[in-house]
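Coordinate analysis (summary)
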There are 2 protein chains.
Amino acid sequence: MELFYSQDIEGGICRLDHDESGHCIKVLRHRAGDEISVIDGRGTLYRCRITSDSHKGVEAVVVDSTADWGSHPYRLHLAVCPTKNNDRFEWFAEKACEMGFDELSPVIGDHSERRVLKTARVEKILVSAAKQSLKAAVPVVNEPVSVKEFIASEHPAISSETDHSAPLKLIAYCFDDERVPRRSIKEVLNGFEGTDVIVMIGPEGDFSREEAELALQAGFIPVHLGASRLRTETAALAATAATYFHYM
Amino acid sequence: MELFYSQDIEGGICRLDHDESGHCIKVLRHRAGDEISVIDGRGTLYRCRITSDSHKGVEAVVVDSTADWGSHPYRLHLAVCPTKNNDRFEWFAEKACEMGFDELSPVIGDHSERRVLKTARVEKILVSAAKQSLKAAVPVVNEPVSVKEFIASEHPAISSETDHSAPLKLIAYCFDDERVPRRSIKEVLNGFEGTDVIVMIGPEGDFSREEAELALQAGFIPVHLGASRLRTETAALAATAATYFHYM
């Protein structure tokens, strides 16, 4: 199934940007009158008929639309520290999008070696992955913030294990804290009746004790992802898979 | 933790090959008398003391050993069709090894575009991934066979759902067969009391109807990996994650 992406759909008219128009007209050789399927990146699939087949700017009329197309029964917000090697972070973003998640916050930790991330590249990858895995919603990518800023933004502290309408806030760090033992992400998800999940994944050097402490104060629950030592990008995808299978 | 890999450990003597010796002596500057940790790729970790620090062939005496080091509580055999793009297959192999699996059979399907695979490259990646994720066992990589040969090798048909000592044989195809409806891999794993699992993952073009039919005759259970349409390599990793979390 060939999908196009447009952020310019209103009043029953859909316009494709320069790249999508070129792909539609030059590569796929669509012409006026042809029907195309377009996702708006916010969850709706539009069936459209091309009215203007310019390779610089395709215009089409909306024939009908399907909301929540290719959606999943949970809301997953991943806060992940960028990896030293960019490819690994982009790979995780693509795979997580195929399985299904909703929001990505690149976070910079005290122990992060990579302290910058170009979100535009990741956004592009997520659009392709959403198209490829037949989803009309493209995960939102936030501008990078520090781990501490992210934790602060998730205040006030709510124990999501007692209030299931609040998001389940999880932090996966690798050290043991005698006061607050980590449980497996599977066990914690099984005890949660809500559908809104936030998972923080640290950098190669793990979260700092201070970051972990702040997260606990903000109501984050410390979890582990099993006995295996996983790379950052693998841990982020494992957390996505755990959520995906939990709500299956 | 720095791990070395050797297939030449016997009589209390451990020898490193040319590459590992160079890394040990030239890069890490180990000298006679130093202690190093060596995995044999079959599940045992050896603590050894270097007796000869030649960068061409390190020799060390075994101080002690730990069996089943970094092992997992299941046995997972993945039969996966190579992807058009080799990187994607190698990426899956690395990530699956981090989570934990035991045997990889590259299988060539009726609809496979890529019909060859160099197993040597994959083996190299698995050794690094096993070291990186602190496992003493490196998954075995078999020479590629056709999907039909693989199915035949998994005869006779045993319903692993009734005989839990037999491996649970799963095939993940994407079309629907009215006679044998697919269930989710999670549901089927939950109904299985054994620990030996085989999962077949098809190529970009999916398994052929004939391959699916042969698999069913051989006692394979048709499963799906959820609502998302996953690429071959993502499906293979999702199946690994489902198994990893099931036995967590």
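What you are looking at is a predicted structure, and each value in this text was computed from that prediction instead of being measured. (Residues numbered from 1 in each chain as written. Chains lettered and ligands numbered in written order. Predicted model: local features only at pLDDT ≥ 70, side-chain atom pairs only at ≥ 80, totals over all residues. Heavy atoms only, no water.)

Thoughts on the nonpolar core
With 102 residues, the main nonpolar core has F92(A) and F92(B) as its most contacted residues. The contacts of F92(A), once residues within four sequence positions are left out, are L78(A), V80(A), L104(A), E233(A), A236(A), L237(A) and T240(A). (Core = buried A, V, L, I, M, F, W, Y, C linked by side-chain atoms within 4.5 Å. Buried < 20%, exposed > 50% of the residue type's maximum accessible area, 1.4 Å probe, protein only. Contact = heavy atoms within 4.5 Å.)

Quick notes on the domain arrangement of chain A
Residue and element names in this part refer to chain A. Split into domains, chain A comes out as domain 1 (4-66) and domain 2 (75-247). Centre-to-centre, using C-alpha coordinates, domain 1 lies 34 Å away from domain 2. Domain 1 puts eleven residues into the contact, and the matching count from domain 2 is seven residues. Both sides of the domain 1 and domain 2 interface together cover about 570 Å² of buried area, and 64% of this is carbon and sulfur. In terms of surface lost to domain 2, no three residues of domain 1 exceed Y5, I39 and G41, which account for 64% of the buried area on that side. Summed over the shared surface of domain 1 and domain 2, the number is one salt bridge. Of the charged contacts, one joins K131 and E20 as a salt bridge, the two residues approaching to 2.9 Å between their closest N and O atoms. Counting across the interface, domain 1 meets domain 2 through five residue pairs in polar contact (both at pLDDT 80 or more). Looking at the side of domain 1 that touches domain 2 residue by residue, the class counts come to four nonpolar, three polar and four charged. (Domains from an automatic or database assignment. Buried area = accessible area lost by both parts, 1.4 Å probe. Salt bridge = Lys/Arg side-chain N within 4 Å of Asp/Glu carboxyl O. Polar contact = N/O pair within 3.5 Å; in protein donor to acceptor, adjacent residues only side chain to side chain. Nonpolar A, V, L, I, M, F, W, Y, C, P; charged D, E, K, R; others polar.)

Section: the packing of aromatic side chains
With the rule as written, the count across this model stands at eleven aromatic pairs over all chains. Seen from their ring centres, W91(A) and W91(B) are 4.5 Å apart, and the 55° between their planes marks the pair as tilted. Taken together, the positions of W91(A) in helix α2 (residues 86-99) and W91(B) in helix α2 (residues 86-99) put the pair across two chains. Grouping residues by exposure puts W91(A) and W91(B) together as buried. By way of ring pairs, the aromatic residues F89(A), F92(A) and F101(A) are connected into one cluster. Positioned above the aromatic ring of W91(A), the side-chain terminus of K95(B) is 5.2 Å from the ring centre. (Phe/Tyr/Trp six-rings, centres within 6.5 Å; stacked < 30°, edge-to-face > 60°. Helix = DSSP H or I, 4+ residues; strand = E, 2+ residues; numbered from the N terminus. Lys NZ or Arg CZ within 6 Å of the ring centre and 35° of its normal.)

Some words on the state of the cysteines
Tallied over the full model, the rule gives zero disulfides over all chains. Of the cysteine sulfurs around C24(A), a residue in no disulfide, the closest is that of C14(A), at 9.4 Å. With a relative accessible area of 0%, C24(A) lands in the buried category. The structure places no disulfide on C97(B), whose sulfur is separated from the nearest cysteine sulfur, that of C174(A), by 17 Å. Residue C97(B) is classed as buried on the basis of its relative accessible area, which comes to 1%. (Disulfide = S-S within 2.5 Å.)

Points about α2(A)
A rise of 1.5 Å per residue sets the reference length of α2(A), with its 14 residues, at 20 Å; its end C-alpha atoms lie 20 Å apart and thus fit the reference within 8%. Across the 14 residues of α2(A), eleven count as buried, placing the element largely inside the fold. Looking only at α2(A), the buried set comprises F89(A), E90(A), W91(A), F92(A), A93(A), E94(A), K95(A), A96(A), C97(A), E98(A) and M99(A). Where α2(A) is buried, its residues meet β7 (75-80), β8 (103-108), α3 (119-132) and α7 (232-246) of chain A together with α2 and α7 (232-246) of chain B. G100(A) occupies a position one or two residues after α2(A) and carries a positive phi of about 125°. (Expected span 1.5 Å × (residues − 1).)

Side note on the pairing of strand β13 (residues 196-201) of chain B
Residues and elements named next belong to chain B. Burial of β13 is extensive: five of the six residues sit out of reach of the surface. Here strand β11 (residues 168-172) runs beside β13; their pairing, made up of five bridges, is parallel. For I171, the partnering residue across the bridge sits in β13 and is M200. (Pairing = 2+ DSSP bridges.)

Structural notes on the interface of chain A and chain B
The interface of chain A with chain B comprises 31 residues on the first partner and 31 residues on the second. Carbon and sulfur atoms supply 54% of the area that chain A and chain B bury against each other, a total of about 2700 Å² over both sides. Where chain A meets chain B, there are eight salt bridges. Salt-bridge contacts for R231(B) lead to E98(A); the nearest nitrogen and oxygen are separated by 3.8 Å. On the surface where chain A and chain B come into contact, there are 28 residue pairs in polar contact (both at pLDDT 80 or more). Sorting the residues of the side of chain A that touches chain B by element identifies α2, α3, α5 (185-190) and α7 of chain A as the ones contributing at least two each. Looking at the side of chain A that touches chain B element by element, the count peaks at nine residues for α7(A).

Remarks on the sheet that holds strand β2 (residues 8-10) of chain B
All names here are of chain B. Pairing within the open sheet is mixed, and its six strands lie in the order β1-β4-β5-β6-β3-β2. Sheet topology places β1 (3-5) and β2 at the edges, where each strand pairs with a single neighbour. Between one strand axis and the next, the sheet turns by 40° as a mean value, whatever way the strands run. With three bridges joining them, strand β3 (residues 13-15) and strand β6 (residues 59-66) adopt antiparallel strand pairing. Counterpart to R15 in the pairing with β6 is E59. (Axes fitted to C-alpha atoms, helices over the stretch in contact; angles between N-to-C directions.)

Some words on the layout of surface pockets
All names here are of chain B. Quantified by volume, the largest pocket comes out at close to 1300 Å³. Along its surface, the largest pocket is lined by 50 residues, and V127, S128, A129, K131 and Q132 are the ones closest to its centre. A per-element tally of the lining of the largest pocket places helix α3 (residues 119-132) first, with nine residues. Within the lining of the largest pocket, the residues separate by chemical class into 21 nonpolar, eleven polar and 18 charged. (1 Å grid on protein atoms, 1.4 Å probe; cavity = no way out; pocket = protein on both sides within 12 Å on 5 of 7 lines; lining within 4 Å. Points joined across faces, edges and corners; volume = space filled by probe spheres on them.)

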